[in-house]
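Each chain is listed here by its residues.
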Amino acid sequence: MDYNNHNVTPPPYFNNGGGYDSGAVARQTNAVMKRVYVRMFIGLLVSAFCALGVASSTALLHFFIMNQLVYWGMFIVMIAMAWILPARMQKMSTGAVIGCFILFAALMGTSLAPIFLIYRLGTIVYTFFITAGTFGAMSVFGYFTKTDLTKMGSFLFMALIGLIIASVVNIFVASSTFDWIISIAGVLIFVGLTAWDTQQIKRLAAANLEPSLADKLATIGALNLYLDFINLFLYLLRIFGNRD
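Here's a quick rundown of the structure. A quick note: this is a predicted structure, and the numbers were derived from the prediction, not measured.

Quick notes on the nonpolar core
Step number 1: Residues V36, M40, F104, M108, V187, Y226 and L232 are the most contacted members of the largest nonpolar core, which totals 51 residues.
Step number 2: Among the elements of the structure, α1 (22-55), α3 (68-88), α4 (94-111), α6 (121-144), α7 (150-173), α8 (176-205) and α9 (211-241) are those that each provide at least two residues to this core.
Step number 3: Among the elements that line this core, the one with the most residues is α9, at 15 residues.
Step number 4: Leave out the neighbours within four places in its chain, and L232 touches T131, T134, F135, V187, F190 and V191.

What follows is the structure, given as structure tokens:
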């Protein structure tokens, strides 16, 4: 999400005496952040059930994964949704934004079904818990740190572009050493992005926004943290899965 598209200024909350009411800001921030994490968790559940459902059915595997047209079609739709949804959210209803997020999570889960065929279930489970712990720690850091992470976000975005280019190159090079380096870099990048996204979402949550817009931003924030979690999980799985 391009957080810079939203002009966030200190919220004009006032108490009965006319002064700035920091308590009201904290309550609104906490309320929005709670929705962010709840929706992110729901998105992860939807993805998990879809992945397990497709992986357990030979017919579904052949339709969604073995059919290259369908598989790449899902991939293109997810990329389009990730870019278009934040840009169009103000023109969409709250229900439509949430519905698109759930659809995105379902498509992501379907595309991840092959991991149950490639890696052992035990490896997937403990990698998930390692991911959850790492993600939780970095999100807490991003929420409570007083350090401005804006500059770090710019650096991480450039690093992410480099990671994508390196991944494409390695498709042709097929170097196991290069793949390991890419996986380590991916973990570091998405660990940083988790903290950065959390801080940016918190800043938006503290803004004096119209209720429906705040609710939509909660969904977009959930989408961003969901993507951080999924990518962190996949890169860690590539590292731990090499032992299988």
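Continuing now.
Quick notes on the pattern of salt bridges
Step number 1: Under the defined criterion, the tally for this structure stands at four salt bridges.
Step number 2: Between D148 and R203 there is a salt bridge, with the nearest N and O atoms lying 3.0 Å from each other. With D148 in the loop between α6 and α7 and R203 in helix α8, this pair connects stretches of sequence that are 55 residues apart.
Step number 3: Judged by relative accessible area, D148 falls into the partly exposed class, the value being 47%.
Step number 4: Accessibility expressed as a relative area gives 34% for R203, which makes it partly exposed.
Step number 5: Residue R238 is joined to D179 by a salt bridge in which the shortest nitrogen-to-oxygen separation is 2.2 Å.

Quick look at the layout of surface pockets
Step number 1: A volume near 520 Å³ is recorded for the second largest pocket.
Step number 2: Residue lining of the second largest pocket: 22 residues in total, with L44, A48, F128, F229 and F233 positioned closest to the centre.
Step number 3: For the lining of the second largest pocket, the elements supplying multiple residues, two or more each, are α1, α5 (115-118), α6 and α9.
Step number 4: Per-element accounting of the lining of the second largest pocket gives the leading share, nine residues, to α1.
Step number 5: Taken together, the residues of the lining of the second largest pocket sort by class into 20 nonpolar, two polar and no charged.

Topic: the side chain of T110
Step number 1: Relative to the elements of secondary structure, T110 occurs in helix α4.
Step number 2: A residue is classified by how much of its surface remains accessible, and T110, at 9% relative accessible area, is buried.
Step number 3: In terms of polar contacts, T110 uses its side chain to reach the backbone carbonyl oxygen of A106, at 2.9 Å.
Step number 4: Apart from residues lying up to four places away in sequence, T110 is in contact with C50, A51, V54, F64, I65 and M74.

Definitions and limits used
Residues numbered from 1 in each chain as written. Predicted model: local features only at pLDDT ≥ 70, side-chain atom pairs only at ≥ 80, totals over all residues. Heavy atoms only, no water. Core = buried A, V, L, I, M, F, W, Y, C linked by side-chain atoms within 4.5 Å. Buried < 20%, exposed > 50% of the residue type's maximum accessible area, 1.4 Å probe, protein only. Helix = DSSP H or I, 4+ residues; strand = E, 2+ residues; numbered from the N terminus. Contact = heavy atoms within 4.5 Å. Salt bridge = Lys/Arg side-chain N within 4 Å of Asp/Glu carboxyl O. 1 Å grid on protein atoms, 1.4 Å probe; cavity = no way out; pocket = protein on both sides within 12 Å on 5 of 7 lines; lining within 4 Å. Points joined across faces, edges and corners; volume = space filled by probe spheres on them. Nonpolar A, V, L, I, M, F, W, Y, C, P; charged D, E, K, R; others polar. Polar contact = N/O pair within 3.5 Å; in protein donor to acceptor, adjacent residues only side chain to side chain.

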